[in-house]
Amino acid sequence: MPIETIAEELRRKGISRREFMKISGAIAGVIGLMDSPVRVLAKSIDPVERVLKALETKQRVPVIWLEFQDCAGCSEALTRSQAPTLVDLVLNTLTIEYHETLSAAAGFQAEEAKQAAMKKYAGAYVLVVEGSIPTADGGVYCTIGGRTAEDLINEASEGAAAVIATGNCASFGGIPKASPNPTGARSAMSVLAKDKPLINIPGCPAIPEVTTGVIAQYILFGVPELDSLKRPIAFYGNTIHDRCLRRPFYEAGKYTASFDDEGARQGWCLYKLGCKGPTTYNACATIKWDAGLSFPVQSGHPCLGCSQPDFWDGGGFYQGQSAPLSRPAIAAVAAAAGIGAAAGIGAALVNRSQKKHPAPQAPAQAGEEKEAK
Amino acid sequence: MNWNNALEFVRGPLFNAALIIFIGGMAYRLVRVLLLGWRSDKVPGKGSKLGGVILSYLKGLVIWPFIPWVQNTFMRNPLIYLAGGLFHLSLFIVLLLGTAHMLVWKSLLGFGWPTLPLPIVDWMAAAGIAAMIALAINRLIHPVLKLLTGAAEWLNLLFVFLPMVSGYILTHHLFFPYEMGFTIHMAVVDALLIWIPFSRIAHFMFYFFSRTIHGAQFGKRAATP
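Keep in mind that what you see is a predicted model, and the values were worked out from it rather than measured.

A. View of the nonpolar core. With 49 residues, the main nonpolar core has Ile164, Ile201, Val210, Leu220, Phe235 and Val297 of chain A as its most contacted residues. In terms of residue count, the dominant contributor to this core is helix α11 (residues 208-221) of chain A (seven residues). Beyond its immediate chain neighbours, meaning those up to four positions away, Leu220 of chain A contacts Ile6, Ile27, Val51, Ala54, Leu55 and Lys58 of chain A. Of all hydrophobic cores here, the second largest spans 33 residues; its members include Ala18, Tyr178, Leu192 and Ile196 of chain B.

B. Layout of the interface of chain A and chain B. Listed as interface residues are 40 residues of chain A and, on the opposing side, 37 residues of chain B. Taken over both partners, the interface formed by chain A and chain B buries close to 3300 Å², and the fraction arising from carbon and sulfur atoms is 60%. Counting the contacts that link chain A with chain B gives zero salt bridges. There are eight residue pairs in polar contact (both at pLDDT 80 or more) connecting chain A and chain B. When residues of the side of chain A that touches chain B are traced back to their parent elements, those giving at least two are α13 (247-251) and α16 (330-356) of chain A. Looking at the side of chain A that touches chain B element by element, the count peaks at 13 residues for α16 of chain A. Here the residues of the side of chain A that touches chain B are counted per class, giving 21 nonpolar, 13 polar and six charged.

C. Layout of a nonpolar patch on the surface. Residue and element names in this part refer to chain B. Where nonpolar side chains cluster on the molecular surface, the patch consists of Leu50, Ile54, Leu55, Leu58, Leu61, Val62, Phe66, Leu86, Leu89, Phe92 and Phe208 and spans about 950 Å² of accessible area. Top element by residues in the nonpolar patch is helix α3 (residues 49-66). It accounts for seven residues. Examined against the element boundaries, Leu58 turns out to sit in helix α3.

D. Region of interest: the packing of helix α7 (residues 107-120) of chain A against helix α8 (residues 149-158) of chain A. Residues and elements named next belong to chain A. Where α7 contacts α8, the two axes come as close as 9 Å, and the packing angle between them is 35°. Every residue of α8 that contacts α7 at Lys114, Gln115 and Met118 is listed here: Leu152, Glu155 and Ala156. Looking at the contact of α7 with α8 residue by residue, the classes come out as three nonpolar, one polar and two charged.

E. Summary view of the sheet that holds strand β7 (residues 160-166) of chain A. Residues and elements named next belong to chain A. Overall, parallel pairing links the five strands, which are arranged β2-β1-β3-β7-β9 in an open sheet. The open sheet has two edge strands with one neighbour each: β2 (96-99) and β9 (198-201). Neighbour to neighbour, the strand axes of the sheet diverge by 20° on average, direction disregarded. Against the sheet, α8 engages β1 (63-67), β3 (125-130) and β7, with an angle of about 160° to β3.

F. Representation of the packing of aromatic side chains within the structure. Residues and elements named next belong to chain A. Enumeration over the complete set of coordinates arrives at 15 aromatic pairs over all chains. For the ring pair Phe259 and Tyr318, a centre distance of 5.9 Å and an interplane angle of 80° mean the geometry is edge-to-face. Placement of Phe259 in the loop between α13 and α14 (262-266) and of Tyr318 in the loop between α15 (284-287) and α16 is noted, with a sequence separation of 59 residues between them. Looking at Phe259, the relative accessible area reads 45%, which means it is partly exposed. Among the aromatic residues, those joined into a ring-pair cluster are Tyr250, Tyr255 and Tyr271.

G. Quick peek at the pairing of β7 of chain A. Residue and element names in this part refer to chain A. In terms of burial, β7 is largely enclosed, as six of its seven residues are buried. Alignment of β7 against β9, held across four bridges, turns out to be parallel. The partner of Thr166 across the bridge, within β9, is Ile201.

H. Examining the pattern of salt bridges more closely. Residue and element names in this part refer to chain A. Scanning the model with the defined rule gives nine salt bridges over all chains in all. For the salt bridge of Arg147 with Asp151, the shortest nitrogen-to-oxygen distance reads 3.1 Å. Relative accessible area serves as the criterion here: at 25%, Arg147 is assigned to the partly exposed category. In this structure, the salt-bridge partner of Asp310 is Lys177, at a minimum N-O distance of 3.0 Å. A residue pair is termed long-range when its members are at least 10 positions apart, and Asp310 in the loop between α15 and α16 and Lys177 in the loop between α9 (167-172) and β8 (185-186) qualify at 133 residues. Overall, the relative accessible area of 28% leaves Lys177 in the partly exposed class.

I. Main features of the packing of helix α9 (residues 151-171) of chain B against helix α10 (residues 178-195) of chain B. Residue and element names in this part refer to chain B. Running from N to C, α9 and α10 cross one another at 150°; their axes reach a closest spacing of 9 Å. By the angle between their directions, the pair α9 and α10 is classed as roughly antiparallel. For the pair α9 and α10, the crossing hand works out as left-handed. For the pair α9 and α10, the contacting residues are Ala152, Leu155, Asn156, Phe159, Val160, Leu162, Pro163, Ser166, Gly167 and Leu170 in the first and Tyr178, Gly181, Phe182, Ile184, His185, Val188, Val189, Ala191, Leu192 and Trp195 in the second. A per-class count over the contact of α9 with α10 returns 15 nonpolar, five polar and no charged.

Here is what the cut-offs are and how they apply
Each chain carries its own residue numbering, running from 1 in the direction its sequence is written. Chain letters start at A and ligand numbers start at 1, both assigned in the order the entries are written. At least 70 in pLDDT is required for a residue's local features to be given in this predicted model, at least 80 for side-chain atom pairs to be given and counted, and no such filter applies to totals for whole chains, interfaces and linings, which use all residues. As a rule here, side-chain values come from all non-hydrogen atoms in the structure, and water together with hydrogens is ignored. Residue types Ala, Val, Leu, Ile, Met, Phe, Trp, Tyr and Cys, when buried and joined through side-chain atoms within 4.5 Å, form a set referred to as a nonpolar core. In this scheme, a residue with accessible area under 20% of its type's maximum is buried, one over 50% is exposed, and one in between is partly exposed, where area comes from a 1.4 Å probe on protein chains only. Strands here mean DSSP runs of E at least two residues long; helices mean DSSP runs of H or I at least four residues long; both are numbered from the N terminus. Throughout, a contact is declared for two residues whenever any of their heavy atoms are within 4.5 Å. Buried area: the accessible area, evaluated with a 1.4 Å probe, that two parts lose upon being put together, summed over both parts. For salt bridges, the criterion is a side-chain nitrogen of Lys or Arg within 4 Å of an Asp or Glu carboxyl oxygen. What qualifies as a polar contact is a pair of N or O atoms within 3.5 Å, subject to a donor-acceptor requirement within protein and to the restriction that residues adjacent in sequence count only when both atoms come from side chains. The residue classification treats Ala, Val, Leu, Ile, Met, Phe, Trp, Tyr, Cys and Pro as nonpolar and Asp, Glu, Lys and Arg as charged. All others, Gly included, are polar. Any residue with relative accessible area above 30% and no salt bridge may belong to a patch, with like charges joined within 9 Å and the nonpolar Val, Leu, Ile, Met, Phe, Trp and Tyr side chains within 5 Å. Per-residue accessibility takes into account occlusion by the displayed protein chains alone, with areas from the Shrake-Rupley method and a 1.4 Å probe. Lines are fitted to the C-alpha atoms to define the axes, a helix being fitted only along its stretch in contact, and any angle between axes, read from their N-to-C directions, falls within 0 to 180 degrees. The pairing criterion is simple: DSSP has to find at least two bridges between the two strands. Any two of the Phe, Tyr and Trp rings considered here, Trp counted by its six-membered ring, make a pair once their centres fall within 6.5 Å; the pair's planes then place it as stacked at under 30 degrees, edge-to-face at over 60, or tilted in between. For classification purposes, angles smaller than 35 degrees are called roughly parallel, those larger than 145 roughly antiparallel, those between 65 and 115 roughly perpendicular, and all remaining angles oblique. Each crossing is labelled by how the near helix is turned from the far one, with a counterclockwise turn of less than a right angle marking it left-handed and a clockwise turn marking it right-handed.

Next comes the structure, spelled out in structure tokens:
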């Protein structure tokens, strides 16, 4: 493998020093959103300079991007991202060796290219997984080139330095895993070995700037600080609710009751319309979508909680979050009332018989008590 | 296992189970009371049973609590009148007129109703919590109440106190991440639902039961309940 730093490669590809500085600034901006690594470094080195230094000293890290049970929405979102410098950098210039949706090659050629990349960069590449992995019925529900998704991910992860699961499907199983989960869909996290470094970037789709930001951060500084669900804290440290622009209305108890009432026009809180913002960790409210133009809650739609595990089974999208996930079946309620009433009748009958015949009952009870002791 | 899974469990299966136990338990209690037996009543009716029931409810729910000088309820025991009354009023407002709780009723019953603004509900919840603390202290120091208070009474207080405090914490996003606070709130609510039928908290239903019977009996005899 030729030893060439990222900066050298960029220069070879015709990127000027000025553009290079811009790229460094963009990366520093995205990956240093909240704290690490900027928090530590702000005292000594300017974050942009640190990114510059890393680009100038680190080698290019290739990315192999696999898609399983997905809609390619995360890839689509990425290609339509409005942060061209960073996305261009990550997608075209820097990293992608193999990507099923973006690849010009098809069929055996594409498979060969993947095998070649895995061999060439063994132990060094990053594996990005999009989509869930079906495990039911021997994994027949998703096969590529005649091989099951489980087989492919295990093969590709073996030589990977780290795995990045993008989107809710790869991170937590997503829609394919929704009840009744006919394909036995599972997340990358649950299929792969526990000791493999893995970063989850959930969302439906994942925010493109977060995906590229995390890839860039991994390339430059290694695995970022993660939470218990392996999400980068820099992007998933706060809930939508924490950073929501409608939060003051929540505090004031001003709720929109329908999509077309006075509250909706005034931009009140969407809690009553089923907003899942309070339990949803993502950067939508800060990074937003379409070049920071807007995000669902800003546009008047409640958060669906698409970056949370099992969001598809987390109660109705338009049902207030305080409501229980389901209500007991009428038959179950009737049965419970019936059993309760029957027990009541039974107890009453026993009471009455004890009342009528108190003498014979007393010694039996005493005997029972002795036995219990 | 993370807080998300825990939350799904306490909002889903555990809540359903608790609700079913609650309904079954209350049915059991009601049947037990009904089957204690009715004394045959051969008195010829002088007045209206329905009128007696209505008067009974008016007195129990409106006149005595809100117009203290009618029965001198305040002067008889100011602490019980204020703290006990405030506590019950707080429960009523928070559980029925708070937006979050109305949404629970809506999901169970299929219809909703207008709710009070959050700040009002919020202050009522705080007042209810303060009232509960006052009542608990009263139980600790009152010489007669001390004799009457056993483990069941303390558990009753605890089982109601925990949902109220955790709900307040949840609304204000204090101390815990939201899903953790939500999980704790739902878990203690589920525990309360299971506890109610087997405790004296069941009076929330038997109160109406006994007022109806009393009112009808008094009404029939044209007496004032």
